[in-house]
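Fold and contact review
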Amino acid sequence: MKKFSIAFSRILVGLLFIFSGLIKANDPLGFSYKLEEYFEVFHLTVFNDYGSLIAIFLCGLEIILGAALLLGIYAKKVAWGLFGLIVFFTFLTFYSAYFKVVTSCGCFGDAIPLTPWQSFSKDVVLFVFILILFVYRSQITPLFNKATMQASLVGPLCIIGFGVGFFTLKYGPVFDFLPYKIGNNIPQLMVAPPGAPQDEYEIQYTLKNSKTSAIKSLTDKEYLKQEVWKDSTWVIIGDPESKLIKKGYEVKIKDLKIVDPAGEDFTKLILEYPDYQFIVVAYELKNADRYALKRINEVNKTLAQQFRIPTIILTASSIAESYELNRVLFLDFPFFFADAVPLKSMVRANPGILLLKNGVVINKWHFRRFPSAEQLRNTYFKK
């Protein structure tokens, strides 16, 4: 029974850590945004500038520990590493759930969103299996008995574990789980479909008996069912409290509003433009790659001349910053403004590029993968 428990825990924990690490390493920039939320909560914003590196390190560490556990490499040290990580993650998810400070832990990235309590429950179950491995760490047998063979595997594991994160940070996620992925219709994702369930609320009344001074609470349904209003001795005190009891359909895109420098809403006009258009997303202009912006400008200027394809740039930076950047780079497309949160979800790059047609995402690119004008013409616009 003990051998079975060790073997089962080893396989389960190893595979889960590899899966969790790879899912987050697919989008380390997105994971870094989640880490910044935790830095804010614990007043550690000094680490914000290193969020991407910390994200890559944590993802890589999960992958390496999971793979090393399956292979049985340095089992005792791996067991200590797993135990330390699960204690840390369990505390973090409990803190998030109990104090309601971070709405999603990002344990499995955007692929499998979990609520804080779901994340905590997952960590508690995982803690049990890791505890078994920690207690019996001396009995974890390696797949390769030779010490030289075990040592030779450490290097490749580190290269793979950390290399995945560095690659996707530089070139963008391999798999896109965000609402702005290729093929999605953005305007449709901003509204609930017909017949979608709505949020259900419960009204809570606090009543006081004018004769006995007794106090009781009733829901609106109980209040009507018991016909309390017929007894004039019961008086409602204070304001009724509204409580969400059942969450309805939640639109995938709920915080996107695009305005021009004058503050006029252009969301509908831009997103429902019937032909091809490019949207350059540079949520933070001061850190946007300027060489990339110049190259995008030249490519899109060529396409605009040949096919009249418009290009706009979306940013969360100030109007003053946009004017200053335009003064330096002489960009040929107009600036529009939106909140940073949806812009960070559009494309994991600064800048990134979306090609839209009638609100549908035809393609999207990290600036390092943006094609040439000729490639774009031959793929999308060749007459």
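Every chain is numbered independently, its residues counted from 1 as its sequence is written. Note on the predicted model: pLDDT of at least 70 is required for a residue's local features to be given, and 80 or more for side-chain atom pairs to be given and counted; whole-chain, interface and lining totals, by contrast, use all residues. To obtain the side-chain values, all non-hydrogen atoms of the structure were used and water was disregarded.

Turning to the sheet that holds strand β7 (residues 335–337), a few remarks are in order. A pair of strands is treated as paired once DSSP finds two or more bridges between them. Note on conventions: DSSP H or I runs of at least 4 residues are helices, E runs of at least 2 residues are strands, and numbering of each starts at the N terminus. If you walk across this open sheet you meet the five strands as β7-β6-β5-β8-β9, and the pairing is mixed. Both edges of this open sheet fall to β7 and β9 (360–366), since each of them pairs with a single strand only. For this sheet the average axis-to-axis angle between neighbouring strands, irrespective of direction, equals 25°. Pairing analysis gives six bridges linking strand β5 (residues 276–281) to strand β8 (residues 352–357), with the strands arranged antiparallel. Within the sheet, the bridge partner assigned to F278 lies in β8 and is L355. For every element, the axis is a line fit to its C-alpha atoms; helices are fit only across the contacting stretch, and the angle between N-to-C directions ranges from 0 to 180 degrees.

Any Phe, Tyr or Trp ring, taking Trp's six-membered ring, that has another such ring centre within 6.5 Å forms a pair; planes under 30 degrees apart are called stacked, those over 60 apart edge-to-face, and the others tilted. Counted by the stated rule, this structure contains 28 aromatic pairs. Relative to Y95, the ring of F91 lies with its centre 5.9 Å away and its plane at 45°, an arrangement referred to as tilted. With a gap of four residues between them, F91 and Y95 both fall in helix α4 (residues 75–99), about one helical turn apart. Remark: exposure states derive from per-residue accessible area (1.4 Å probe, protein chains only) relative to the maximum for the residue type, with buried under 20%, exposed over 50%, and partly exposed in between. Classification of F91 as partly exposed rests on a relative accessible area of 45%. Under the relative-accessibility criterion, Y95 is labelled partly exposed at 24%. Pairing W365 with F370 gives two aromatic rings, centres 5.5 Å apart and planes at 75°, and the pair type is edge-to-face. Members of the aromatic cluster, joined through ring pairs, are F42, F91, F94, Y95, Y98, F99, W117 and F120. Lysine NZ or arginine CZ positioned within 6 Å of the ring centre and within 35 degrees of the ring normal marks a charge as sitting over the ring. Looking at R137, its charged tip hangs above the ring of F134, at a distance of 4.3 Å from the centre.

Another aspect to go through is the pattern of salt bridges. By definition, a salt bridge exists where a carboxyl oxygen of Asp or Glu is found within 4 Å of a side-chain nitrogen of Lys or Arg. By the definition in use, this model includes 12 salt bridges. With its nearest N and O atoms 2.8 Å apart, the salt bridge here joins D176 to K364. Placement of the pair is D176 in the loop between α6 (147–171) and α7 (186–189) and K364 in strand β9, with a sequence separation of 188 residues. Given the relative accessible area of 25%, D176 is considered partly exposed. Judged by relative accessible area, K364 falls into the buried class, the value being 15%. Salt-bridge contacts for E324 lead to R327; the nearest nitrogen and oxygen are separated by 2.7 Å. Of the two residues, E324 and R327 are both situated in helix α11 (residues 319–329); the distance of three residues between them amounts to about one turn of the helix. The exposure class assigned to E324 is partly exposed, which follows from its relative accessible area of 38%. You can call R327 exposed: its relative accessible area is 54%. Linked through salt bridges whose partners overlap, the residues forming this network are E298, K301 and D332.

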